[in-house]
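What follows is each chain in one-letter form.
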Amino acid sequence: MKKNLIIFTDSGDTIIDESTQVYDDQETVLRADFIPGAGEVLKQLKDEGYRIALVADGTWESFQNVYRENGLGYCFEEWIVSEVVGEQKPARSMFDTAMEKMGLTDADKPFIVMIGNNLKKDVAGANRYGITSVWLDWSPRYFHTVEEPDWQPDYTVRTPEELKALIEELEKKCCAKRELIGKVTDKVDKMVSAFSDILYEPDDTFLKNMKNHNLAGDDISRYQYWEWTQGVGLYGLWKLFSYEKKESYLEMLTRFYDRQIGIGFPALNVNTAAPYLAMSFLAEYTGEEKYLRPCVEAAEKIMAEFPRTDEGGFQHKTSDTLNEQELWDDTLYMTVLFLANMGRILKNQAMTEEAQYQFLIHEKYLCDKVSGLWYHGWTFKEKNNFAGAFWGRGNCWITMAIPEFLEICDCNEAVKRLLVNTLREQVQSLRALQAENGMWHTLVDDADSYVEASATCGFAYGILRAVKDGLVDKSYLETAAKAVSPIMDCISEDGVVHQVSYGTPMGRTTRDFYKQIELKSMPYGQALAILFLMEYRTMC
């Protein structure tokens, strides 16, 4: 009977005892003995219906020789060998090749286990890839001390017999995972169905304000569906398409951008830069110039024309407010991620370096050095952080932006170290401030403020990404998981995410300002919930 659990396994000192290997004069292994009990366990797992792939470093001929002689080569559905792939573990390419050859997708990751003897290669590779790691601590060779956070295995066994018992335990857990993932997937599907209507729902409050406060003086209709609210939503949809590869998601994106190309783009500012992020990925994916050219023009304008604060920060100028000499935490997600992505796509070092600098200067003025939480803003005019609020959604932009940025941008090591440490400090405080029901408050450190869904989803998504990428300890998975049930409860039967705070300007004088923001279903609420649940079902 076919099993739920899928097994990737190393060979040397995992199945084969490396001390028994016999080589020819070309250093090719001719034969080797099993670890005591390993051959029997491998055969049992195959006979019981487990899909097994060999994912091992070495030469193709060596593995062929060994498993031809012992007669168990048939146990492996696929052979992923470093000589053929061109890289050794922990390289991502080894796992990508295994996934491709086995016909697997990201949706299968919660059901994949990697078994190996090497903490640096097998365990770290699995952890970085987002699959379950099992260390077979049988051999005295190689590493026996966890030297890096991502060397920490999910499970440790010492004999093939212990491994067999663990596999049976994990298979039982897979059945429960299937049921949970089914419920999560149902919610995601409903949210996507509701997304289109919410994406094109006019923001009457914003449009009314723009009639008298449009700083650029251009056609207001161009802003109707091209603001940060749509930008965050579209990026969530892009990530979902990247994950599931459903053509209907791609069509939704192309339809949106084709419509906007037809009516023209509004004046560029921090908030209207946000929709270009998903568009830049779409341009790269499709190779279509009609999507790339507007992105190039927007990135070049950001570099040449964006207003700057003292010390060269991006001033948080929006469609209707100048915000002179002000830094806001929103800017990093709304503008700087896009600039970093264009630097990558265009191989433009100036854009890449500018994006890094913007993270550094925003960290300098917005990150509280005691708690690790971020203030909503900073004013160079008055030299303060306004009301001193640790606003929930503002903080979640940071929790999300740092892992996204480090994936997009080839940062120098000093910048990466600073941002990783910054993220760790923030996440540590977030764990301590999580509400009893698993959500976070709209003022993160104020239990009298309402719990808020978009910030909760952003925090949980960012934490999951950080764990997956080895930026924070795996113990934080539990923190993110606590948010699943209350967020599922915030999603109505028709897929609309509730308990989402409306777009929030700066609280300039009092923290209580944030408590008065109305709750309203918004595209970014849909997107952040989709991102969170999408990521959760790959790691649960």
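Structure's up top.
This section reports on the structure supplied with the text. (Residues numbered from 1 in each chain as written. Predicted model: local features only at pLDDT ≥ 70, side-chain atom pairs only at ≥ 80, totals over all residues. Heavy atoms only, no water.)

**Re the overall build of the protein**
Along its length, the protein carries 19 helices and 12 strands. A globule of 540 residues ought to have a C-alpha radius of gyration of about 24 Å, and the protein, at 25 Å, matches this closely. Reported as C-alpha extents along the three principal axes, the dimensions of the protein are approximately 80 × 45 × 45 Å. Put simply, the protein has 540 residues, and 60% of those count as buried. Of the contacts formed within the protein by residues at least 6 apart in sequence, a portion of 68% connects residues at least 24 apart. Approximately 21300 Å² of the protein is accessible, and the part contributed by carbon and sulfur atoms is 48%. A distance of 2 Å separates the average location of the 57 positive side-chain charges in the protein from that of its 84 negative side-chain charges. (Helix = DSSP H or I, 4+ residues; strand = E, 2+ residues; numbered from the N terminus. Rg over C-alpha atoms; globule rule 2.2 N^0.38 Å. Buried < 20%, exposed > 50% of the residue type's maximum accessible area, 1.4 Å probe, protein only. Contact = heavy atoms within 4.5 Å. Areas by Shrake-Rupley, 256 points an atom, 1.4 Å probe, with all protein chains shown as cover. Lys, Arg positive; Asp, Glu negative; His and termini not counted. Charge placed at Lys NZ, Arg CZ, Asp CG, Glu CD.)

**Details of the packing of aromatic side chains**
With the rule as written, the count across this model stands at 33 aromatic pairs. Look at Y200 and F256: their rings are 5.9 Å apart centre to centre, the planes differ by 45°, and that puts the pair in the tilted class. Of this pair, Y200 sits in the loop between helix 6 (160-199) and helix 7 (204-213) while F256 is found in helix 9 (residues 247-263), placing the two residues 56 residues apart along the sequence. Owing to a relative accessible area of 24%, Y200 belongs among the partly exposed residues under this scheme. Each ring, one from W226 and one from F265, has its centre 5.0 Å from the other, and the planes form 70°; the classification is edge-to-face. Pair noted here: W226 is in the loop between helix 7 and helix 8 (228-244) and F265 is in the loop between helix 9 and helix 10 (275-286), with a separation of 39 residues, a long-range link. We classify W226 as buried; its relative accessible area is 0%. Through pairs of rings, three or more aromatic residues link up here, namely W228, Y235, W238, F241, F281, Y285, Y333, W397 and Y524. The side chain of K109 reaches across the aromatic face of Y129, ending 4.1 Å from its centre. Stacked on the ring of F241, the Lys or Arg K245 has its end atom at 5.7 Å from the ring centre. (Phe/Tyr/Trp six-rings, centres within 6.5 Å; stacked < 30°, edge-to-face > 60°. Lys NZ or Arg CZ within 6 Å of the ring centre and 35° of its normal.)

**Things to note about the pattern of salt bridges**
One pass over the structure, following the stated rule, counts 39 salt bridges. In this structure, E493 and K190 form a salt bridge, with 2.9 Å as the shortest nitrogen-oxygen distance. Taken together, the residues E493 in the loop between helix 18 (484-490) and helix 19 (523-539) and K190 in helix 6 connect sequence positions 303 residues apart. R465 is the partner of E407 in a salt bridge, and the nearest nitrogen-oxygen pair spans 3.5 Å. With E407 in helix 14 (residues 392-408) and R465 in helix 16 (residues 453-468), this pair connects stretches of sequence that are 58 residues apart. Residues participating in the shared-partner salt-bridge network are K239, E404, E407, R465 and D469. (Salt bridge = Lys/Arg side-chain N within 4 Å of Asp/Glu carboxyl O.)

**Some remarks on helix 1 (residues 38-47)**
Three or more residues of helix 1 are buried, namely A38, G39, V41, L42 and L45. Angular distribution of buried residues about the axis of helix 1 spans 165°; they occupy a single face of the element. The inward-facing, buried residues of helix 1 contact strand 1 (6-9), strand 4 (51-56) and helix 6. A positive backbone phi angle near 105° is found at G49, which sits one or two residues after helix 1. (Arc of directions from axis to C-beta.)

**A word on the nonpolar core**
In this structure, Y257, Y333, F405 and F532 are the most contacted members of the largest nonpolar core, which totals 162 residues. The residues contacting Y257, other than those within four sequence positions of it, are W226, L234, P275, A278, M279, L282 and Y291. Of all hydrophobic cores here, the second largest spans 16 residues; its members include V55, I112, M114 and I131. (Core = buried A, V, L, I, M, F, W, Y, C linked by side-chain atoms within 4.5 Å.)

**Focus: the side chain of E326**
Locating E326 in the fold gives a position in strand 9 (residues 326-328). Reaching out from E326, the side chain makes a polar contact with the side chain of W328 at a distance of 3.0 Å. Setting aside chain neighbours within four positions, we find E326 in contact with T309, F314, Q315, H316, W378, T379, F386 and R508. (Polar contact = N/O pair within 3.5 Å; in protein donor to acceptor, adjacent residues only side chain to side chain.)

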